[in-house]
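Fold and contact review
So the chains spell out like this:
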Amino acid sequence: MRRMALGLMLLLWGGALAALELGAIRMPDGFRIEVAVADVADARSLALGERGTLFIATRRAGRVYAVTDANGDGRFDPPRVLLDGLRMPNGIAIHEGALYVAENHRIVRYDGIEQRLQSPPEPVLLARLPTETHHGWRYLAFGPDGRLYVAIGAPCNICDEPGFATILRMRADGSEREVMAAGVRNSVGFDWQPETGVLWFSDNGRDWLGDDRPPDELNRAPQSGLHFGYPYCHGGDLPDPLYGRARDCAEFTPPALRLGAHVAALGVRFYTGSQFPPEYRGQLFIAEHGSWNRSEPVGYRLGLARIEEGRVVSYSPFAEGWLGAAGASGRPVDLLVLSDGSLLVSDDHAGVVYRISYNP
């Protein structure tokens, strides 16, 4: 497939247009990338309200932003700070008109949020979470079963600590908490396959085993209670030097896809729109945030996993070029499909949210 270099037009909030050249970004023919929201420092997780409000969470900034389209022209207005002074509010989700926020230490709910953008209500406490900050930024989403899912990362690079390295699920009110998946070092993105309702999630592999191991993972959890190996086994077949003697790799669920080592796979999203060509529908996009401790950086791109009958049959770059000879210009984090079929991509390095659309 021939790929093309694209330029990016950035709409400055003062009303003037200026060209922000992103000629390094390469995508398949017919796709276009533009900045949908600018000036969002540390833009991370994305959620869309029932009235069309885009909510943008952060990790380090301690904020949640709200972005609307007041005049209905199809372009987002400048972002406003909705919530501030929070503790790692990386995880957000919308359910029955309420905004759910996963901070490091708790999950809270803001009722009727789109009617209260000017004056958000007091939060309702739903669940208390561990306070360790290592991998303490949470990912949050509602599944097709109406349950709330949250990732609890390991409080270390490699360790065996009860109550961590899991994906939990609970009722929307925080009750009936249970472990959906265990042995998950640090997942910062999950989604459910539309046709099957099966959970798929990313997981970041451990550090300091060299440039090329272990792989990051894309995992599939067709049922609750599966164990994906951490800290005993990585990538399905690599025993950990410290913990590997305690358990055999054959005991655990192997990954659906072994990704590159240290690519830092974060957001995953099944494409549920109809704007992209048919071959993209129902397939899985993965945001590779990019390595931080590899001698030659990798990642900093979007990948596309093609899935047939519950199996990944191919994985290839979809959008790349944020990493160049001079370093990284951007780091993709989370993904969201809009009602028109375009794809939003957050970038915590550039502090923007991109929109990818298709127009052959």
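Rules and cut-offs
Residues numbered from 1 in each chain as written. Predicted model: local features only at pLDDT ≥ 70, side-chain atom pairs only at ≥ 80, totals over all residues. Heavy atoms only, no water. Helix = DSSP H or I, 4+ residues; strand = E, 2+ residues; numbered from the N terminus. Rg over C-alpha atoms; globule rule 2.2 N^0.38 Å. Buried < 20%, exposed > 50% of the residue type's maximum accessible area, 1.4 Å probe, protein only. Contact = heavy atoms within 4.5 Å. Areas by Shrake-Rupley, 256 points an atom, 1.4 Å probe, with all protein chains shown as cover. Polar contact = N/O pair within 3.5 Å; in protein donor to acceptor, adjacent residues only side chain to side chain. Pairing = 2+ DSSP bridges. Core = buried A, V, L, I, M, F, W, Y, C linked by side-chain atoms within 4.5 Å. Disulfide = S-S within 2.5 Å. pLDDT = per-residue confidence, 0-100.

**So, the overall build of the protein chain**
Check the secondary structure of the protein chain and you find zero helices and 33 strands. Relative to the globule expectation of 21 Å for 360 residues, the C-alpha radius of gyration of the protein chain, 20 Å, shows essentially globular dimensions. For the protein chain, the spread of C-alpha atoms along the three principal axes comes to 60 × 50 × 40 Å. Out of the 360 residues in the protein chain, the part that is buried amounts to 58%. Long-range contacts, defined here as pairs at least 24 residues apart, represent 51% of the contacts in the protein chain between residues at least 6 apart. As presented, the protein chain carries roughly 14,900 Å² of accessible surface, and 48% of it is formed by carbon and sulfur atoms.

**Topic: the side chain of Arg-109**
As for its position among the elements, Arg-109 is in strand β12 (residues 106-110). Within the structure, the side chain of Arg-109 is placed 2.5 Å from the side chain of Asp-111, a separation counted as a polar contact. Contacts of Arg-109, omitting those with residues within four sequence positions, involve Ala-98, Leu-99, Tyr-100, Glu-122, Pro-123, Val-124 and Leu-126.

**Considering the sheet that holds strand β20 (residues 217-221)**
The strand order β18-β19-β20-β24 describes an open sheet built from four strands, whose pairing is antiparallel. The open sheet terminates on both sides in strands that have one partner only, identified here as β18 (190-192) and β24 (257-258). Note: β18 against strand β19 (residues 199-203), three bridges, orientation antiparallel. If you follow Trp-192 over to β19, its bridge partner there is Leu-199.

**Some points on the nonpolar core**
The biggest cluster of nonpolar side chains holds 24 residues, and the ones touching the most others in it are Phe-285, Leu-302, Phe-318 and Ile-356. Mapped by element, the contributors of at least two residues to this core are β5 (31-37), β26 (284-288), β27 (301-308), β28 (311-320), β31 (332-337), β32 (343-347) and β33 (352-358). Contacts of Leu-302, omitting those with residues within four sequence positions, involve Ile-286, Ala-287, Pro-317, Phe-318, Ala-319, Trp-322, Pro-332, Leu-335, Val-345 and Ile-356. Trp-137, Ile-167, Trp-192 and Val-333 belong to the second largest nonpolar core, which has 20 residues in total.

**Section: the state of the cysteines**
Inspection of the entire model under this criterion finds two disulfides. Across a sulfur-sulfur distance of 1.8 Å, Cys-156 and Cys-159 are joined as a disulfide pair. Every disulfide takes its handedness from the sign of the S-S torsion; for Cys-156 and Cys-159 that torsion is -80°, giving left-handed. A sulfur-sulfur distance of 2.1 Å marks the disulfide that ties Cys-233 to Cys-249. The sign of the 105° torsion about the S-S bond sets the Cys-233-Cys-249 disulfide as right-handed. Highlighted residues: Cys-233 in strand β22 (residues 233-234) and Cys-249 in the loop between β23 (238-239) and β24, separated in sequence by 16 residues. Across the pair, exposure class does not vary: Cys-233 and Cys-249 are buried alike. Each disulfide of the protein chain joins two cysteines, and with those cysteines numbered along the sequence the arrangement is 1-2, 3-4.

**Quick notes on the sheet that holds strand β21 (residues 226-227)**
Strand order in the open sheet formed by five strands is β14-β15-β16-β17-β21, and the pairing between neighbours is mixed. Of all the strands in the sheet, just β14 (140-142) and β21 have a single pairing partner and so form its edges. With three bridges connecting them, β14 and strand β15 (residues 148-152) associate as antiparallel partners. Across the sheet, Ala-141 pairs through a bridge with Tyr-149, a residue of β15.

**Thoughts on the confidence of the model for the protein chain**
When pLDDT is averaged along the protein chain, the result is 93; 94% of the residues meet or exceed 70. When pLDDT is averaged over each element of the protein chain, β26 comes out on top at 99 and strand β3 (residues 17-20) at the bottom at 32. A low-confidence stretch, residues 1-21 stays under pLDDT 50, and its non-local contacts, those more than four residues away or across chains, total 57 contacts.

**Focus on the pairing of strand β7 (residues 54-57)**
Looking down a regular strand, the side chains alternate between one sheet face and the other. Alternating residues of β7 divide into Leu-54 and Ile-56 and Phe-55 and Ala-57, and every residue in both groups is buried. For strand β6 (residues 46-48) and β7, the ladder comprises three bridges, and the chain directions are antiparallel. Bridge pairing links Leu-46 to Ile-56 in β7. Counted between consecutive antiparallel strands, the loop separating β6 from β7 contains five residues, among which Gly-52 sits at a positive phi close to 95°. Adjacent in sequence and paired antiparallel, β7 and strand β8 (residues 64-67) are bridged by six residues, among which Gly-62 carries a positive phi angle near 75°.

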